[in-house]
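# Topology and contacts: notes
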Amino acid sequence: MVKKAKSNIMWGARFYNAPDHIMKSINASINFDRRLYKHDISASIIHAEMLVKNEIISEQTGIKIVDGLQTILQEIESNNFDFKVDLEDIHMNIEARLYELIGEEAGFLHTARSRNDQVSTDFRLWTRDAVDELIQQLENLMKAFLKKAEAHVDTIMPGFTHLQVAQPTTFGHHLLAYLEMLSRDINRFQSTRLRLNECPLGAAALAGTSFAINRIDTSTRLGFDRPMSNSIDAVSDRDFCLDFLSTCAICATHLSRFAEELVIWTSTQFNFVSLSDKFSTGSSIMPQKRNPDAAELIRGKVGRVTGSLVGLLSVLKGLPLAYSKDLQEDKECVFDAFDTMSLCLIAMTGMVSDLKPNEKILRDAAKDGFSTATDLADWLVRELGIPFRESHNITGRIVKLAEKNKCKLIDLDLESLQTIEENISSKIFSVLTVEASVASRDSFGGTSPSQVRIQISKWKKRLF
Ligand code: ARG
């Protein structure tokens, strides 16, 4: 039996004295890595069972270890666990408690493993769950966008380039653009998951172990696709975190674009959409205000998610192999990105379901800014056989005329149009309404209601 009297609780006999209190503070991760408890315990149970199966530890010891770990799980879940900063991290906190519960045999659990492969395994398991949760939340958001889009296939609004009115489009078509982005985000999370789903356990400190362990068994039982092939890579790789964070950052960037649109659209100047009281906030001084705070916060929170990505990239840059304590800096940024993404996705789902487009305002706005000028130019090409560059020029002159007369294109009379191009006939007016413009853009993926309906049924099949 190991003599423990004078040894340091974690590092054994080589140390006689306790670390300085500031050493403990800088070293400790328990205040944040306690979130790994469930994954740490399940990986430990499977590791212990593998040790028994391969006759590395005795069956009785294995049973005691597994029972003890299950007790610890219950203690943590019922808030009856005393997390100690002195014990540095979640792994040592659990192991120390196992000693208290089952005595010296607890020490056999750490056979053929190190905290280096342990933490990497736990964190991959945790991140895998996080990915699954975010994918689920993204699907919910997509469903909310889809429902709103379906209700507004025919709701005409101005489409913008440079935030200037460009061409008429529909609210439904605009919302479906976000579905496309979000589905690519899901795709990125799925490929992140594929790459992270390899098991580091058994890599031990960095070089593997002299014990006859079965890495395929532990890997399979933890739901991984395979054990990682290089023990040095297994303990030092954190690119699964970078994958996760970059996917989060791209997704947060997408959310911030819709958030910004909501901020613009709910302004008095635009008044394109209304949010109910559920998603509006007031001002403590200006009683008339209805502010879109949730949208602003989603727009703002992209900063911290992207910050997490840049932060971890900076931690990993130039870090020599294999494990260094710098790697403990991987967790807070990933946890924070996950919490932020989850909050933003749920809040945005609420806002999308809640928002009400102001249909008349949208339609009137679509008529502004000579939005059907392209339709006019296309008509000249189609009906009069004028090359597009020339028809663009003629249309420019017609727009100038309407601007001078302070009227819309459709309100110009035929004679005025003919002073610019004598072959224009009255048939031209049929393409100048916003409805005709939207209906005519029937190319694949275009804004016409019939194309948008095709996309809606595609998404319905995929999401419901
Ligand atoms: N808390 C540590 C971390 O998160 C666990 C690994 C410690 N390994 C070591 N060699 N000190 O990275």
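Residues numbered from 1 in each chain as written. Predicted model: local features only at pLDDT ≥ 70, side-chain atom pairs only at ≥ 80, totals over all residues. Heavy atoms only, no water.

### Describing the environment of proline 449
Put simply, the test is: Here a helix means four or more residues in a row that DSSP labels H or I, a strand means two or more in a row labelled E, and each is numbered from the N terminus. Contact between two residues is taken to exist if any of their heavy atoms lie within 4.5 Å; hydrogens are not considered.
Locating proline 449 in the fold gives a position in helix 18 (residues 449-463). Spatially, the C-alpha atom of proline 449 lies 25 Å from that of leucine 255, the residues being 194 residues apart in sequence. In this view, proline 449 contacts Val153, Asp154, Val438 and Ala439; residues no more than four positions away in its chain are not counted.

### Considerations on the site of the ligand
To be explicit about the condition: Proximity is defined per residue: if any heavy atom of the residue lies within 4 Å of a molecule or strand, that residue is considered near it. The definition of a polar contact used here is a pair of N or O atoms within 3.5 Å, where within protein one atom must be able to donate a hydrogen and the other to accept one, and adjacent residues in sequence count solely through side-chain atom pairs. Computed by Shrake-Rupley with a 1.4 Å probe, the accessible areas treat only the displayed protein chains as cover when residues are assessed. Polar here means any residue outside two lists: the nonpolar Ala, Val, Leu, Ile, Met, Phe, Trp, Tyr, Cys and Pro, and the charged Asp, Glu, Lys and Arg; Gly therefore counts as polar.
Close to the ligand lie Ser29, Asp33, Asp89, His91, Arg115, Asn116, Val119, Tyr323, Gln328 and Lys331. The contact in question runs from a nitrogen atom of the ligand to an N or O atom on the side chain of glutamine 328, over 2.7 Å. Its free accessible area being 340 Å², the ligand has 86% of it covered by the protein chains. Each residue belonging to the shell around the ligand can be placed in one class, and the counts come to 2 nonpolar, 4 polar and 4 charged.

### Concerning the nonpolar core
Note the threshold: As used here, the term nonpolar core means buried Ala, Val, Leu, Ile, Met, Phe, Trp, Tyr and Cys residues forming a set that is joined through side-chain atoms within 4.5 Å. Any residue under 20% of the maximum accessible area for its type is buried, any over 50% is exposed, and the rest in between are partly exposed; the area is computed with a 1.4 Å probe on protein chains only.
Among the nonpolar cores identified, the biggest contains 93 residues, and Phe145, Phe244, Leu255, Phe258 and Met348 are the most heavily contacted of them. Here the element with the most residues in this core is helix 10 (residues 239-265); it accounts for 16 residues. Once residues within four sequence positions are removed from consideration, phenylalanine 145 is found in contact with Leu175, Tyr178, Leu179, Leu182, Phe258 and Val352. Grouped together as the second largest cluster of nonpolar side chains are 19 residues, Trp379, Ile398, Leu401 and Leu409 included.

### Observations regarding the packing of aromatic side chains
The criterion, for reference: Ring geometry is summarised as follows: Phe, Tyr and Trp rings, the Trp one being its six-membered ring, pair when their centres sit within 6.5 Å, and such pairs are stacked at plane angles under 30 degrees, edge-to-face over 60 and tilted between the two. As a reminder, the over-ring test applies to NZ of lysine and CZ of arginine, requiring each to be within 6 Å of the ring centre and within 35 degrees of the ring normal.
Counted under the stated rule, the structure contains 15 aromatic pairs. Their ring planes at 70 degrees and their centres at 4.9 Å tell us that tyrosine 178 and phenylalanine 258 sit as a pair that is edge-to-face. Highlighted residues: tyrosine 178 in helix 7 (residues 171-196) and phenylalanine 258 in helix 10, separated in sequence by 80 residues. Each member of the pair tyrosine 178 and phenylalanine 258 is classed as buried. Among the aromatic residues, those joined into a ring-pair cluster are Phe123, Trp126, Phe240, Phe335 and Phe338. When the ring centre of phenylalanine 335 is taken as reference, the NZ or CZ atom of arginine 35 above it lies at 4.7 Å. Its end group placed over the ring of tryptophan 459, arginine 462 keeps NZ or CZ at 4.9 Å from the ring centre.

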